[in-house]
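Structural features, examined
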Amino acid sequence: MIKPDGVRRGLTPEILARIARKGYRVVGLKQMTISRQTAENHYGEHKERPFFGELVDFITGGPVVAIALEGNEAIAGWRAMMGATNPANAAPGTIRADFATTTGENVTHGSDSSESAARELGLFFADGELLS
Ligand code: DAT
Ligand code: MG
């Protein structure tokens, strides 16, 4: 996902270009504004954390771009392309190192396991919206 800060800053084409250069196939692509309920569900694992309210405010605060990627080891590979959660710790050349300065607004999201990918794809895409 390209988060609201990335969309607002016009980074969508840059990030889609990186995905294309890497070689992942985009099987779903949708610009959308997330409801609070969907955001709370998406980030449910963090609901007891002190930053949860701010996180939900942020992710619902403007349109995002939801992207379904397919490719060899795409979950780990996309997380590697994003870099560490805190941009200060992200390796040079990663999206978060190149385009972000704060953990709270770190431009992109990536599912962290096949289980979370399946769950999150189900939150953002309806049956039939993904290419087979
Ligand atoms: P990631 O997005 O790398 O999977 P995460 O799942 O630990 O990281 O956290 C989800 C998002 O929550 C993260 O992208 C930004 C926000 N976040 C995490 N830790 C935070 C913190 N200590 N302060 C503020 N926001 C935080
Ligand atoms: Mg996470």
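Residues numbered from 1 in each chain as written. Chains lettered and ligands numbered in written order. Predicted model: local features only at pLDDT ≥ 70, side-chain atom pairs only at ≥ 80, totals over all residues. Heavy atoms only, no water.

The name given to the protein in an unreviewed UniProt entry is Nucleoside diphosphate kinase, and the organism recorded there is Deinococcus marmoris. Per its UniProt entry, the protein bears the Function (unreviewed entry) comment "Major role in the synthesis of nucleoside triphosphates other than ATP. The ATP gamma phosphate is transferred to the NDP beta phosphate via a ping-pong mechanism, using a phosphorylated active-site intermediate." (UniProt positions renumbered as here; feature names shortened; annotations may be inferred.)

On to the environment of A17. Relative to the assigned elements, A17 resides in helix 2 (residues 12–22). Taking the C-alpha atoms as reference, A17 lies 26 Å from A39; in sequence the two are 22 residues apart. (Helix = DSSP H or I, 4+ residues; strand = E, 2+ residues; numbered from the N terminus.)

As a further point, take the confidence of the model for the protein. When pLDDT is averaged along the protein, the result is 98, and 100% of the positions lie at 70 or above. Reported confidences for the modelled complex are a pTM of 0.98 and an ipTM of 0.99. (pLDDT = per-residue confidence, 0-100.)

On to helix 5 (residues 74–82). Among the residues of helix 5, those classed as buried are A74, G77, W78, M81 and M82. With its buried residues spanning 140° around the axis, helix 5 presents them on a single face. The inward-facing, buried residues of helix 5 abut helix 2, strand 2 (64–70) and helix 6 (95–99). (Buried < 20%, exposed > 50% of the residue type's maximum accessible area, 1.4 Å probe, protein only. Arc of directions from axis to C-beta. Contact = heavy atoms within 4.5 Å.)

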